[in-house]
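# Inside the fold
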Amino acid sequence: MNINNRIKSLLDAIGQGLYEKNNLLAYGLLCAIAGESLFLLGAPGTAKSEVSRRLKLIFKDATSFEYLMSRFSTPDEIFGPVSIQKLKDNDLYERRITGYLPASDVVFLDEIWKAGPAIQNALLTVLNEKIFKNGNIDIHIPMKLLIAASNELPTQESGLDAIWDRFIFRAISESIKDETNFCNLLRVTRRNELQIDEDVLITDELYHDWQEKIKDIRFTKPILLYIIKLRKRLAESSDEQPAIYISDRRWAKVSKILRTSAFLNDRDTVDWSDVWLMRYCLWNQAQDIERVCNYMVEELSPTDFKLLDMIEEKLDVISKQRAWKYGAGVDNPEAQQAINRLSELSQKLSEASDKIFSSINTKFANHSNLFIGDNDWKLIDNYIADTQTRIKKNEERIAHERSRFQ
């Protein structure tokens, strides 16, 4: 069985009876194979913990750990209690980690921001390096995926920037929207045990083999240039909008997410469908989400989107000029000059429009990525529709301004 079919089978199996959560399961599986973390933002009761329990099932003989954080949570409850016997007999401060986070493959920590500083500080190394310091020994833990959840984001004054930066993939868990799915949820009276073919489960041996093969996935030059330009765009600030800070560490981990997506889709290079997944990795605050998407679309054809901005600015200037009387414009040099400028803008608008849509449609022609659902593709369609509306309005403005001077 090839990789693509194995991943499809796993996603189909763990998605049984769980409504409108296929996207979160796909993101979690992607993060698990990449060895990166997943943060779920959502209200209570939107199946965040159920998603984490099901993701454990993709690994053969995997162990899991989950915990609901509170401000009273202690490191003992997360990392295991201190071994009194070793402390008494050998004067060693070590934890008994069996059954706790350091010995688990898949971890779910709910209400992550309520954890105290001692837990958060220990999680920094766990998240970044998969290392837990147990007494005097650094343990390389087996954790493949850590999912954290909360119904809120950390505030900028909370001092949680370091741990927030380590959650690479950031998705929103929502309530069921489709009424048919909601009715099906109401009809459920018992939960059947999930049936997963053992042949598609991921063993430790296969997992580590994939880790090595993922390192061989390459970026094409156009995609590298795109990411470089996008990074520069995110770092720009203005009076209206501050820069969106993305650390070098996070960029490095984002690159692994993209390579993993390409590998699990049975490709040897990252393509544009993989790149679209970056929109889940490059925001810090809720207000950044739309900005990141806008930037990602605009940087697909940056020169032409800038030309579109320039056309709108010049139309603003022309609209403020004195309107000449009808019939007088033909013989008036200033009016004729305005008409010529409008003709040039119309030509440039047409050229920019063709290039923008050609660029977007060409780069996102492949809709076969396992980790991008219908809603993700619809979002691209919405951006195309919004841009078409924007261009249509500018065409109408040009026609209106021309009528003023003729």
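As a further point, take the packing of aromatic side chains. The final tally for this structure, using the stated rule, is 17 aromatic pairs. Here Y27 and F169 contribute two aromatic rings whose centre-to-centre distance is 5.0 Å and whose plane-to-plane angle is 40 degrees, an arrangement assigned as tilted. Here F169 lies in strand β7 (residues 169-172) and Y27 lies in helix α2 (residues 22-34), a separation of 142 residues in the sequence. With a relative accessible area of 0%, F169 lands in the buried category. Arranged with centres 5.7 Å apart and planes meeting at 85 degrees, the rings of W113 and W164 form a pair that is edge-to-face. Taken together, the residues span a long stretch of sequence, with W113 in the loop between β3 (106-110) and α6 (117-129) and W164 in helix α7 (residues 161-165) at a distance of 51 residues.

Here we take up the nonpolar core. In terms of nonpolar packing, the biggest core is built from 124 residues, with L101 and M278 touching the most fellow members. Here this core takes ten residues from α2, the largest share from any one element. Excluding residues within four positions of it along the chain, M278 makes contact with Y226, I227, L230, W251, V254, L258 and M296.

Turning our attention to the pairing of β3. Where burial is concerned, most of β3 is hidden: five out of the five residues are buried. Of the two faces of β3, the one carrying V106, F108 and D110 and the one carrying V107 and L109 are both buried. The sheet contact formed by strand β2 (residues 64-68) and β3 spans five bridges and is parallel. Paired with F65 across the strands is V107, a residue of β3. Bridge count between β3 and strand β6 (residues 145-150): five bridges; the pairing is parallel. In the strand pairing of β6, V106 is matched with L145.

Thresholds, definitions, all that
- Residues numbered from 1 in each chain as written.
- Predicted model: local features only at pLDDT ≥ 70, side-chain atom pairs only at ≥ 80, totals over all residues.
- Heavy atoms only, no water.
- Phe/Tyr/Trp six-rings, centres within 6.5 Å; stacked < 30°, edge-to-face > 60°.
- Helix = DSSP H or I, 4+ residues; strand = E, 2+ residues; numbered from the N terminus.
- Buried < 20%, exposed > 50% of the residue type's maximum accessible area, 1.4 Å probe, protein only.
- Core = buried A, V, L, I, M, F, W, Y, C linked by side-chain atoms within 4.5 Å.
- Contact = heavy atoms within 4.5 Å.
- Pairing = 2+ DSSP bridges.

Distances and angles like these do not, on their own, reveal function.
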